[in-house]
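Chain and residue survey
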Amino acid sequence: MTRNLRARDIMTKGVQCVREEQSLLDAARMMRDLNVGCLPICGDDQRLQGLITDRDIVIKCCAEGRDPALMKAGELAGTLHWVDAASNAQEAVDTMEVHQIKRLPVIDVADGHRLIGMITEANLAKNLSDAEIAEFAVRVYAAN
């Protein structure tokens, strides 16, 4: 990173969760209304349970012939990666690169383990040098 930034410094604030018991149809409508391609999935305790993407809905529900009005968001929670808000922003970039993910939830561990934001490629584009963005793209989009 060109500057000594924390994860909280580069994240998008004010993320909204879809509840794990809500339908994928609800999640898709939330994504449309919020103009996002990913939503955090939160449990009744408001803790992060996973992430769901528009691609997940298409591939894991619609393409399988399942009804998005009947399938619950929690069914697609999957493996969860996140970063502490107080962590160095480079740690967030490294996590995204290692796991080849394009969105990373930011958790405030010191304040009750609350979800407080999301780091996306757009956030990185605003905070990384051109060389760092190129390196990120190679690592995240590289074929295994």
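Data block above holds the structure.
Below, the structure is looked at part by part. Bear in mind the structure is a predicted one, so any value in this text is a computation, not a measurement.

Some thoughts on the state of the cysteines
Within this structure, the stated rule accounts for one disulfide. Through a disulfide, C17 is tied to C42; the S-S separation comes to 2.2 Å. Residue C17 is located in the loop between β1 (12-13) and β2 (18-19), and its partner C42 is located in strand β3 (residues 38-42); the two are separated by 25 residues in the primary sequence. Of the residues examined, C17 reaches a relative accessible area of 23% and is grouped as partly exposed. On the basis of relative accessibility, which here comes to 1%, the residue C42 falls in the buried class. Left without a disulfide partner, C38 is nearest to the cysteine sulfur of C17, which lies 10 Å away. C61 forms no disulfide, and the closest cysteine sulfur to it belongs to C62, at a distance of 4.7 Å. C61 sits in the buried class, given a relative accessible area of 0%.

Details of helix α2 (residues 24-34)
Buried within α2 we find L24, A27, M30 and M31. Around the axis of α2, the buried residues are gathered within 115° of arc, so they sit on the same side. In α2, the exposed positions angled more than 90 degrees off the buried face are occupied by R32 and D33. The inward-facing, buried residues of α2 abut β2, β3, β4 (48-53) and α3 (54-60). One side-chain oxygen of the residue at the start of α2 lies 3.3 Å from the amide nitrogen of L25, identifying that residue as S23.

Structural notes on the pairing of β3
The element β3 is extensively covered by neighbouring structure, given that five of its five residues are classed as buried. Alternating positions in β3 separate into two faces, C38, P40 and C42 on one and L39 and I41 on the other, with burial throughout. Relative to β3, β2 is paired through two bridges, and the arrangement is parallel. Considered in β3, the bridge of R19 is made with C42. Relative to β4, β3 runs antiparallel, the two sharing five bridges. Residue pairing across strands places C38 opposite T53, the latter belonging to β4. Counting the residues that bridge the hairpin from β3 to β4 gives five residues, and of these Q46 lies at a positive phi of roughly 65°.

Here we look at the nonpolar core
Within the largest apolar cluster, 19 residues are counted, with the highest numbers of intra-cluster contacts made by V83, M96, L104, V106, I119 and L124. The set of elements that each furnish at least two residues to this core consists of α1 (7-10), α4 (89-99), β6 (103-108), β7 (114-120) and α6 (130-141). Among the elements that make up this core, the one with the highest residue count is α4 (four residues). Discounting residues that sit within four places of it in the chain, M96 has contacts with I101, K102, R103, L104, I119, T120, L124, F136 and V140. With 14 residues, the next largest nonpolar core counts A27, M30, M31 and C61 among its residues.

Looking at the sheet that holds strand β5 (residues 83-84)
Read across the open sheet, the four strands follow the order β1-β7-β6-β5; overall the sheet is mixed. This sheet does not close on itself; its edge strands, each paired only once, are β1 and β5. Where β5 lies against β6, two bridges are found, and the strand directions are parallel. The residue of β6 that forms the bridge with V83 is V106. Along the sheet, α4 contacts β5, β6 and β7; its crossing angle with β6, the most-contacted strand, is approximately 140°.

Scoring rules and cut-offs
Residues numbered from 1 in each chain as written. Predicted model: local features only at pLDDT ≥ 70, side-chain atom pairs only at ≥ 80, totals over all residues. Heavy atoms only, no water. Disulfide = S-S within 2.5 Å. Helix = DSSP H or I, 4+ residues; strand = E, 2+ residues; numbered from the N terminus. Buried < 20%, exposed > 50% of the residue type's maximum accessible area, 1.4 Å probe, protein only. Arc of directions from axis to C-beta. Contact = heavy atoms within 4.5 Å. Polar contact = N/O pair within 3.5 Å; in protein donor to acceptor, adjacent residues only side chain to side chain. Pairing = 2+ DSSP bridges. Core = buried A, V, L, I, M, F, W, Y, C linked by side-chain atoms within 4.5 Å. Axes fitted to C-alpha atoms, helices over the stretch in contact; angles between N-to-C directions.

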